[in-house]
Amino acid sequence: MVEDFNLKVPSVQRYSIKTSEQKIYKGIPSSSGIMIGRAVVIQPESIIIPEHTLQAEQIDDEIKRFNSALDAYKNDLNRVIANVKNDEANLSAIIESNVLMLEDPSLTMPIENNIKSGYTAESSIVSAIDKLKSFFKTTKDAILQERIFELDNIKKGLLATLRNQCFYYAVAKDAIVIAKSLTPTDVINFRDAGVKAFVTEIGGIASHSSILARSFELPEVIGVLNSTDNIKDGDYVIVDGYTGQVIVNPTSRILESFQRKKSAEEEHKRELGEIINLNTETLDGKRCHLYANVDLPEEARAAFLWGAEGIGLFRSESLIVSLGYFPSEREQFDFYKQLSDTAYPKELTIRAFDVGSDKWAEGLPTREDNPALGFRGIRFLLTRKDLFKIQIRAILRASINKNIRFMLPMISSVQELQTAHSIIADVKNELDLADIAYDTQMPIGIMIETPAAVLLAEDLAKYADFFSIGTNDLTQYTVAADRTNDLVSNVFDTFNPAVIRLIKMAIDAAKANNIPIGICGEFAGHAASTAILIGLGIDELSVAPPILLETKNRIRSLNYAEANEIANQTLACSTSSEISNILDKIITE
Amino acid sequence: MKEVEITVLNRAGLHTRPAATLVKLSAKFKCDLQLIRDGFPINAKSIIGVMTLAAEQGCKLMLRADGSDEEDAVAEISKLFESGFGEI
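Residues numbered from 1 in each chain as written. Chains lettered and ligands numbered in written order. Predicted model: local features only at pLDDT ≥ 70, side-chain atom pairs only at ≥ 80, totals over all residues.

### Quick look at the overall build of chain A
Here's step 1: Within chain A, the regular secondary structure consists of 26 helices and 16 strands.
Here's step 2: By residue count, 46% of the 589 residues in chain A fall in the buried class.
Here's step 3: Residue pairs in contact within chain A that sit at least 24 positions apart in sequence constitute 71% of those at least 6 positions apart. (Helix = DSSP H or I, 4+ residues; strand = E, 2+ residues; numbered from the N terminus. Buried ≥ 20, exposed ≤ 12 C-beta atoms within 10 Å, placed from the backbone. Contact = placed C-beta atoms within 7 Å.)

### A short note on the overall build of chain B
Here's step 1: In terms of regular secondary structure, chain B is built from three helices and four strands.
Here's step 2: Start at the N end of chain B and walk to the C end: the helices and strands fall as β-α-β-β-α-β-α.
Here's step 3: Taking the contacts inside chain B whose residues are at least 6 apart along the sequence as the reference set, 74% of them involve residues at least 24 apart.

### Digging into helix H18 (residues 414-433) of chain A
Residues and elements named next belong to chain A.
Here's step 1: Here H18 is 20 residues long and its end C-alpha atoms lie 29 Å apart, about the 28 Å a rise of 1.5 Å per residue gives.
Here's step 2: Taken together, the buried positions of H18 are Glu 416, Leu 417, Ala 420, Ile 424 and Val 427. For H18, the angular spread of buried residues about the axis comes to 95°, placing them on one side. Every exposed residue of H18 that faces more than 90 degrees away from the buried side is listed here: Gln 415, Gln 418, Ser 422, Ala 425, Asn 429, Asp 432 and Leu 433.
Here's step 3: On its buried side, H18 packs onto helix H16 (377-383), helix H17 (385-398), strand S12 (404-408), strand S13 (444-448) and helix H20 (457-461). (Expected span 1.5 Å × (residues − 1). Arc of directions from axis to C-beta.)

### Looking at the packing of helix H23 (residues 529-536) of chain A against helix H25 (residues 560-572) of chain A
The axes of two packed helices give the description: the angle between them and the distance between them.
All names here are of chain A.
Here's step 1: The contact between H23 and H25 brings their axes to 7 Å, and the two run at 100°. The orientation of H23 with respect to H25, classified from their angle, is roughly perpendicular. Touching Ala 531, Ile 532, Ile 534, Gly 535 and Leu 536 of H23 are Tyr 560, Ala 563, Asn 564, Ile 566, Ala 567 and Thr 570, all from H25.
Here's step 2: Residue composition of the contact of H23 with H25, by class: eight nonpolar, three polar and no charged. (Axes fitted to C-alpha atoms, helices over the stretch in contact; angles between N-to-C directions. Parallel < 35°, antiparallel > 145°, perpendicular 65-115°, else oblique. Nonpolar A, V, L, I, M, F, W, Y, C, P; charged D, E, K, R; others polar.)

### Re the environment of A:Gln391
All names here are of chain A.
Here's step 1: Residue placement: Gln 391 occurs in helix H17.
Here's step 2: For Gln 391 and Leu 381, which are 10 residues apart along the polypeptide, the C-alpha to C-alpha distance reads 9.8 Å.
Here's step 3: Not counting residues up to four positions away in its chain, the partners in contact with Gln 391 are Ser 316, Gln 332, Ala 352 and Phe 353.

### Comments concerning the sheet that holds strand S10 (residues 310-315) of chain A
Residue and element names in this part refer to chain A.
Here's step 1: Taken in spatial order, the eight strands line up as S9-S10-S11-S12-S13-S14-S15-S16 and close into a barrel, and their pairing is parallel. Each strand axis lies, on average, 25° off the axis of its neighbour in the sheet, ignoring direction.
Here's step 2: Relative to strand S14 (residues 467-469), S13 runs parallel, the two being bridged by three bridges. Its bridge partner being in S14, Ile 446 is matched across the sheet by Phe 467. (Pairing = 2+ DSSP bridges.)

### Let's talk about H23(A)
Residues and elements named next belong to chain A.
Here's step 1: Here H23 lies mainly inside the structure; eight of its eight residues are buried.
Here's step 2: Those residues of H23 that fall on the buried side of the exposure criterion are Ser 529, Thr 530, Ala 531, Ile 532, Leu 533, Ile 534, Gly 535 and Leu 536.
Here's step 3: Two residues or fewer after H23 comes Gly 537, characterised by a positive phi angle close to 95°.

### Notes on the packing of helix H14 (residues 329-343) of chain A against H17(A)
All names here are of chain A.
Here's step 1: Two elements in contact, H14 and H17, have axes separated by 8 Å at closest approach and are oriented at 35°. Considering only the axes of H14 and H17, their crossing is right-handed. Here H14 contributes Glu 329, Gln 332, Phe 333, Tyr 336, Lys 337 and Ser 340 to the contact with H17, which in turn contributes Ile 390, Gln 391, Arg 393, Ala 394, Ile 395, Arg 397 and Ala 398. (Left-handed = near helix turned anticlockwise from the far one by under 90°.)

### Details of the pairing of strand S3 (residues 34-41) of chain A
Along any regular strand the residues' side chains alternate between the sheet's two faces.
All names here are of chain A.
Here's step 1: Of all eight residues in S3, six are buried; the element is thus mostly enclosed.
Here's step 2: By the bridge criterion, five bridges tie S3 to strand S7 (residues 236-240) in an arrangement that is antiparallel. Along S7, the bridge assignment pairs Gly 37 with Val 237.

### Some details on the sheet that holds strand S1 (residues 23-26) of chain A
All names here are of chain A.
Here's step 1: Spatially, S1-S8-S7-S3-S4-S5-S6-S2 is the arrangement adopted by the eight strands of the open sheet, whose pairing is mixed. Each of the sheet's edge strands pairs with one partner strand only, and the pair in question is S1 and strand S2 (28-31). For this sheet the average axis-to-axis angle between neighbouring strands, irrespective of direction, equals 30°.
Here's step 2: Across three bridges, the pairing between S2 and strand S6 (residues 220-222) is antiparallel. Counterpart to Ile 28 in the pairing with S6 is Ile 222.

### Describing the confidence of the model for chain A
Residues and elements named next belong to chain A.
Here's step 1: Model confidence for chain A is summarised by a mean pLDDT of 84, while 87% of its residues fall at 70 or above.
Here's step 2: Low pLDDT, under 50, characterises residues 1-19; the stretch is placed with 16 contacts to residues that sit more than four places away or in other chains.
Here's step 3: Confidence drops under pLDDT 50 across residues 361-365; counting only partners more than four residues distant or on other chains, this segment forms 13 contacts. (pLDDT = per-residue confidence, 0-100.)

### As for the environment of A:Phe467
All names here are of chain A.
Here's step 1: Looking at the element boundaries, Phe 467 is found in strand S14.
Here's step 2: By C-beta crowding, Phe 467 is classed as buried, having 28 other C-beta atoms within 10 Å.
Here's step 3: Distance from Phe 467 to Gly 518, taken between C-alpha atoms, is 6.3 Å for residues 51 residues apart in sequence.
Here's step 4: Look past the residues within four positions of Phe 467 in its chain and what remains in contact with it is Gly 445, Ile 446, Ile 448, Ala 506, Ala 510, Ile 515 and Ile 517.

### With respect to the nonpolar core
Residues and elements named next belong to chain A.
Here's step 1: Ile 446, Ile 448 and Ala 506 are the most contacted members of the largest nonpolar core, which totals 94 residues.
Here's step 2: Among the elements that line this core, the one with the most residues is helix H22 (residues 497-512), at eight residues.
Here's step 3: Residues in contact with Ile 448, not counting those within four places in the same chain, are Ala 453, Val 454, Ala 457, Phe 467, Ser 468, Ile 469, Leu 474 and Ala 506.
Here's step 4: By size, the runner-up hydrophobic cluster in this structure holds 86 residues, among which are Met 35, Ile 115, Ile 188 and Phe 198. (Core = buried A, V, L, I, M, F, W, Y, C linked by C-beta atoms within 7 Å.)

### Re unusual backbone geometry
Here's step 1: The amide bond that connects A:Tyr344 to the next residue, A:Pro345, takes the cis arrangement and shows omega of 5°.
Here's step 2: Phi is positive for A:Met410, which is not a glycine, with a value near 65°.
Here's step 3: Checked against the element boundaries, A:Met410 lands in the loop between S12 and H18.
Here's step 4: Backbone geometry at B:Asp38 places phi at a positive 50°, although glycine is not the residue there.
Here's step 5: Mapped onto the elements of the fold, B:Asp38 is located in the loop between strand S2 (32-37) and strand S3 (40-43).

### Let's talk about the environment of A:Ala498
All names here are of chain A.
Here's step 1: Its place among the elements puts Ala 498 in helix H22.
Here's step 2: Put simply, Ala 498 and Thr 478 are 20 residues apart on the chain and 7.4 Å apart in space, counted from C-alpha to C-alpha.
Here's step 3: Setting aside anything within four residues of it in sequence, one finds Ala 498 in contact with Thr 478 and Val 479.

### Examining the confidence of the model for chain B
Here's step 1: Scored by pLDDT, chain B has a mean of 89; 99% of the residues are at 70 or more.
Here's step 2: This complex was scored by the predictor with a pTM of 0.54 and an ipTM of 0.84.

Okay, structure coming up:
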């Protein structure tokens, strides 16, 4: 069947005489690159008829079919666990619990018993899992939603595996996947199957699946409304992950122009390799520091190979996520010291544990109604001083290379920063008394990710050695839109002029107080935003390792004076579409 | 047979991740392990069972172990609960 699909791939020549009408759809570019290929439209799962029954002689085979799907699905999940890392590591705990469920006789026995009573594997799964769900419904429990959700996931996964038996993801080989939405599991499996690009109806550029698409360098356009209806299997499609255009059944003229664009892109990738050792500076000589966001020492090594000038953000909570518990001082020290040695003599910025919201709590709901507005970042650390002190001690002890910077997340008041300073001073005293060496001058900075921190930036700057803007959270808190909520993903817009103006205010406050200011959110690596950020006078950009060179190249082709002019234009805009128009012009140039 | 009362200390309760940790730990022991809430026993080696407990913070459970390594099992599982599954 896969081969059959391949036969349908139209060649350019064949295509030029085809008469289907060209259609152009516009979405949001979320992973850059151009891809041309045939479409595979992923339809929602087919409907199961629970009443369908088996003949007695079919039952043994049906149990075998169920068990082989069970094994295949477990293998799939284990393969996903092996692939999950960094930002996505908290997902592996959830997936692991799903594997435990698949191994639990409390789940598998009722299904097998249903099959023995003459029901198909599909209907047996549906009725057994729905029965379990109804049992949970009788418990009065706030974690209920999570349970039901996990069981539904298992149900869908088993049904999909039964239906496809390893065929499902394979249809994406050399194809462009058109889907309503994608989970991180989908992205990984489609990548393994050899997908070329993604087009989705729903999603956000900061969602886990988009982050994965970018790290796999697979072009993606999101927010293309009704694309699973409008685009048909086998349609020839151009995906432009730079502009967000999706062109279906292109005319031969358009097709040729995109093929030229694509060869230019490939040539460009070869050229990028040549700028690794060059300075990050604009054409007119304005220097900027290009750092990398990393979670693992191996990633840091890769980042330095790609010319990173330092680590602008190490998210220390990734340690908790990968270990599953709060690491001891010893474990933390070993890890930080190893990372510091890897980075040396370049700088390493360690952000204190930022647990809560989408990171710690994703899929692991706490009892908060609004985790993003809740007990997280510095709020958690100041409440759990014992844990905070262990981390500070480990970081100070690891700081003897004098290349570590310490950064505090989610600051929203001056008191929080003052309290953190006094706790750090306490720990330094303890180390002095114990005669343990550390970097007495270790810079202590803060994340600027709440509107409050921006408005207080002048005051905060007096107690901070550096600022780092986290654009995802700053956007979410400024526009009051939960960035994990698809229903408001259109409101979560980093190009909302309010966000740009806040960034400008933070930069101005840093300049006035002579402290460096960087940016480490998704926005820093966004194709269109580099010019604005450089123009606003940002000192450091910290991006994911795969886009280091692309970002450096963009900075090297900018003129600071022009970037400054662009930044001023965007500051004068009152809508994000005006800003998009300005940026569209830059991108197409 | 050995029985002790244990309390769920971590804020989020026995949600997916702690449940998985508990089941993986329980599976290491040979003895039968049950958690009892309000008189209803569940198998501590079954993730579905632990999920049906719906144990929130502050919830008190009876841990019942029966088998050759019951002492170790009770000690280690109590320790896991006392540590709040590393989430306190």
